[in-house]
Amino acid sequence: DGGITQSPKYLFRKEGQNVTLSCEQNLNHDAMYWYRQDPGQGLRLIYYSQIVNDFQKGDIAEGYSVSREKKESFPLTVTSAQKNPTAFYLCASRDRGTSGNEQFFGPGTRLTVL
Amino acid sequence: DQQVKQNSPSLSVQEGRISILNCDYTNSMFDYFLWYKKYPAEGPTFLISISSIKDKNEDGRFTVFLNKSAKHLSLHIVPSQPGDSAVYFCATLGGGSNYKLTFGKGTLLTVNP
């Protein structure tokens, strides 16, 4: 059945290491998004991609990088330059071809930097 | 500079009563509004939305009201059920082609049996 998968559910990394979070969707959606959520905060947009091989910075892109080589995949790399990487990361997608504006979210990855 | 504000961090209601969650926005260019529900350690799920050309949209127990002059929207849940206990996020769209959602900080709703 269709949906968005994020793996792993929990991720630990040592300070100074890069780590890549996976996001895969089989909904055939064109647009994909990465958000982070911190306690007591709303979701903040990190990067988004409207189409394959194209992506734009969101509101808090510093210390992150993405790629969009395939329509179904939008991995996020948290680099050592990200000063406060511990957070809950959410991936979302949207079908640009429909009139609906809602984004559909994956289950999230909790990243903890030790 | 918060463009979308949910001023109540938490709300507690009794089962069967009405829950009213509020959201204020500052940008009059926002033209589409959504409500998401989120359980701990899970992704948000879409609940209901409303376009700026309407002032009310209803879906079962959920109704969203939009007051454009006041830049205010609210989500009514009636009757409230214990399974409705979650964090509710208000989100807005500014139009254009990027479809970036701007989220409020969320309101934790607790429905007591």
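In what follows, the accompanying structure is described. (Residues numbered from 1 in each chain as written. Chains lettered and ligands numbered in written order. Predicted model: local features only at pLDDT ≥ 70, side-chain atom pairs only at ≥ 80, totals over all residues. Heavy atoms only, no water.)

Moving on, we get to the overall build of chain A. Within chain A one finds 0 helices and 11 strands. When the elements of chain A are put in sequence order from the N terminus, they spell out β-β-β-β-β-β-β-β-β-β-β. Of all 114 residues assigned to chain A, the portion counted as buried reaches 50%. Counted over contacts in chain A with a minimum sequence separation of 6, partners at least 24 positions apart contribute 53%. (Helix = DSSP H or I, 4+ residues; strand = E, 2+ residues; numbered from the N terminus. Buried < 20%, exposed > 50% of the residue type's maximum accessible area, 1.4 Å probe, protein only. Contact = heavy atoms within 4.5 Å.)

Next up on the list: the sheet that holds strand β7 (residues 64–66) of chain A. Residue and element names in this part refer to chain A. Taken in spatial order, the 4 strands make up an open sheet running β1-β3-β8-β7, and their pairing is antiparallel. The strands lining the two open edges of the sheet, one partner per strand, are β1 (4–7) and β7. Strand-to-strand twist across the sheet, computed as the mean angle between neighbouring axes with direction ignored, equals 20°. Relative to strand β8 (residues 76–78), β7 runs antiparallel, the two sharing 3 bridges. (Pairing = 2+ DSSP bridges. Axes fitted to C-alpha atoms, helices over the stretch in contact; angles between N-to-C directions.)

This part is about unusual backbone geometry. The step from Ser7(A) to Pro8(A) runs through a cis peptide bond, and the omega angle for that step is -5°. Its place among the elements puts Pro8(A) in the loop between β1 and β2 (10–13). Positioned with a positive phi, Asn53(A) is a non-glycine residue whose angle comes to about 65°. Mapped onto the elements, Asn53(A) comes out in the loop between β5 (43–51) and β6 (54–57). On the accessibility criterion, Asn53(A) (63% relative accessible area) is exposed. A positive phi angle, close to 50°, is found at Lys71(B), a residue other than glycine. Examined against the element boundaries, Lys71(B) turns out to sit in the loop between β7 (62–67) and β8 (72–77). On the basis of relative accessible area, Lys71(B) is assigned to the partly exposed category, the value being 25%.

Once that is clear, we can look at the pattern of salt bridges. Going through the model one piece at a time under the given rule, you end up with 6 salt bridges over all chains. Residues Glu58(B) and Lys56(B) are paired through a salt bridge, measuring 4.0 Å at the closest nitrogen-oxygen approach. Take Glu58(B): its relative accessible area is 52%, and that puts it in the exposed class. What makes Lys56(B) partly exposed here is its relative accessible area of 43%. A network of salt bridges, in which partner residues are shared, links Arg36(A), Asp38(A) and Arg44(A). (Salt bridge = Lys/Arg side-chain N within 4 Å of Asp/Glu carboxyl O.)

Among covalent bonds in proteins, the disulfide is the one between the sulfur atoms of two cysteines. All names here are of chain A. For the structure on display, the rule yields 2 disulfides over all chains. Across a sulfur-sulfur distance of 1.9 Å, Cys23 and Cys91 are joined as a disulfide pair. With the S-S dihedral at roughly -75°, the linkage between Cys23 and Cys91 falls on the left-handed side. Pair noted here: Cys23 is in strand β3 (residues 19–25) and Cys91 is in strand β9 (residues 87–94), with a separation of 68 residues, a long-range link. In this structure, Cys23 and Cys91 share a single accessibility class: buried. (Disulfide = S-S within 2.5 Å.)

Attention now goes to the interface of chain A and chain B. Taken together, the contact pairs 21 residues of chain A with 19 residues of chain B. Between chain A and chain B, the buried area comes to about 1700 Å², and carbon and sulfur atoms account for 57% of it. Viewed at the interface, chain B and chain A are joined by 1 salt bridge. With a closest N to O distance of 3.7 Å, Asp59(A) and Lys100(B) form a salt bridge. On the surface where chain A and chain B come into contact, there are 3 residue pairs in polar contact (both at pLDDT 80 or more). Counting only elements with at least two residues in the side of chain A that touches chain B, the list comes to β4 (31–37), β5 and β9 of chain A. The element best represented in the side of chain A that touches chain B is β5(A), accounting for 4 residues. Looking at the side of chain A that touches chain B residue by residue, the class counts come to 9 nonpolar, 8 polar and 4 charged. (Buried area = accessible area lost by both parts, 1.4 Å probe. Polar contact = N/O pair within 3.5 Å; in protein donor to acceptor, adjacent residues only side chain to side chain. Nonpolar A, V, L, I, M, F, W, Y, C, P; charged D, E, K, R; others polar.)

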